[in-house]
Amino acid sequence: MMILKKNRKWFVVALLAIAIVPVMITAYEVIFTENKSVVFLGNYHPKVVIIVICYYVLLLCLGAVWLIREIIFITKLKNEKMKAELMLLKSQVSPHFFFNTLNNLYGLVAKDPQKAQELILKLSDMMRYSIYEGEKDTVALRDEIVFLKNYVELQKIRYHKQISVDFDCEVDENRKVVPLLFIILLENAFKHGIENLRKNAFIKMSLTSSQTEIIFKIENNYEKAENQSGIGLKNLKRRLELIYPNQYELSFSISENIYHVQLILKQL
């Protein structure tokens, strides 16, 4: 980056040095000759005229090259900044979930070793997906669905109560989507709904796709209204703004102690 800035500096200096030559010549003619005004290329030899015209063409080309380089530099800088921000937002997706799940699995190992082994494999798959697949720009919808289902299975061991979770999928499983978007909405449903209910807790999800959009819906019941605009949702909204500018719809509604969320992703 320092080398790039240094090269840009010398390029600008050279461009200014070339541009100032005709200004100095004009000033000299006005000040030190009897000409009261200077007519561009007036009374010059044809060869001199050709040289001057070539000079200005060269100057124009150098200016165009400089402008293009500046535009490319600013674009690259903007893209690098956006990528850095996206990586930071991804790194903030539910890290505490893995620690909490490990604590619950520790107690389950003694009670039901076989069940614990199954859940450890699911947790391992989730961690791999979050670390490796989460770095990719897009993943297949089928991988995101498996990730969500594993999350549900692992969350159920955290709560010593009956939880009903329905997940309906009607999608083209090979369709691509940005990873780790839906998980934030599912985590919110558990955190702000299921966690505070003693009985009859439920979550209903649906994921559908068409040629032009992907629609994720989720609803859950809750005992009392809570502020659900935490850091997870703020990160989600920021990621959507960066990746799907003017190509997404995120809506929330409440009816009869049921919290509804819908996320629509347009075709990229």
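Analysis parameters
- Residues numbered from 1 in each chain as written.
- Predicted model: local features only at pLDDT ≥ 70, side-chain atom pairs only at ≥ 80, totals over all residues.
- Heavy atoms only, no water.
- Helix = DSSP H or I, 4+ residues; strand = E, 2+ residues; numbered from the N terminus.
- Areas by Shrake-Rupley, 256 points an atom, 1.4 Å probe, with all protein chains shown as cover.
- Phe/Tyr/Trp six-rings, centres within 6.5 Å; stacked < 30°, edge-to-face > 60°.
- Buried < 20%, exposed > 50% of the residue type's maximum accessible area, 1.4 Å probe, protein only.
- Lys NZ or Arg CZ within 6 Å of the ring centre and 35° of its normal.
- Core = buried A, V, L, I, M, F, W, Y, C linked by side-chain atoms within 4.5 Å.
- Contact = heavy atoms within 4.5 Å.
- Pairing = 2+ DSSP bridges.
- Patch = residues over 30% accessible without salt bridge, like charges linked within 9 Å, V, L, I, M, F, W, Y side chains within 5 Å.
- Salt bridge = Lys/Arg side-chain N within 4 Å of Asp/Glu carboxyl O.

J.: Break down the overall build of the chain for me, with residues and values.
T.: Check the secondary structure of the chain and you find seven helices and seven strands. The helix and strand sequence of the chain, counted from the amino end, reads α-α-α-α-β-α-β-β-α-β-β-α-β-β. If you sum the accessible surface of the chain, you get close to 17,300 Å²; carbon and sulfur atoms cover 60% of it.

J.: With reference to specific residues and values, describe the packing of aromatic side chains.
T.: Under the criterion given, the structure shown has four aromatic pairs. For the ring pair Tyr129 and Phe147, a centre distance of 4.7 Å and an interplane angle of 25° mean the geometry is stacked. Linking Tyr129 in helix α4 (residues 113-131) with Phe147 in helix α5 (residues 141-156), this pair joins segments that are 18 residues apart in sequence. Here Phe147 falls in the buried class, since its relative accessible area comes to 4%. One residue, Lys204, lies across the ring of Phe202, its end atom 5.6 Å from the ring centre.

J.: So what's going on with the nonpolar core? Which residues, and what values?
T.: In terms of nonpolar packing, the biggest core is built from 54 residues, with Phe182, Leu186 and Phe190 touching the most fellow members. The residues contacting Phe182, other than those within four sequence positions of it, are Leu141, Glu144, Leu148, Val177, Leu207, Ile214, Phe216, Leu263 and Leu265.

J.: Tell me about the environment of Ala140, residues and numbers included.
T.: Summarising the element assignment, Ala140 is placed in strand β1 (residues 139-140). Of the residues examined, Ala140 reaches a relative accessible area of 6% and is grouped as buried.

J.: I'd love a proper account of the pairing of strand β6 (residues 248-255), names of residues and values included.
T.: Where β6 lies against strand β7 (residues 258-266), eight bridges are found, and the strand directions are antiparallel. Considered in β7, the bridge of Ser253 is made with His260.

J.: How would you explain a nonpolar patch on the surface if you had to name every residue and give the values?
T.: A cluster of nonpolar side chains, contributed by Met127, Ile131 and Tyr132, occupies part of the molecular surface with about 310 Å² of accessible area. Mapped onto the secondary structure, Tyr132 falls in the loop between α4 and β1. Of the residues examined, Tyr132 reaches a relative accessible area of 55% and is grouped as exposed.

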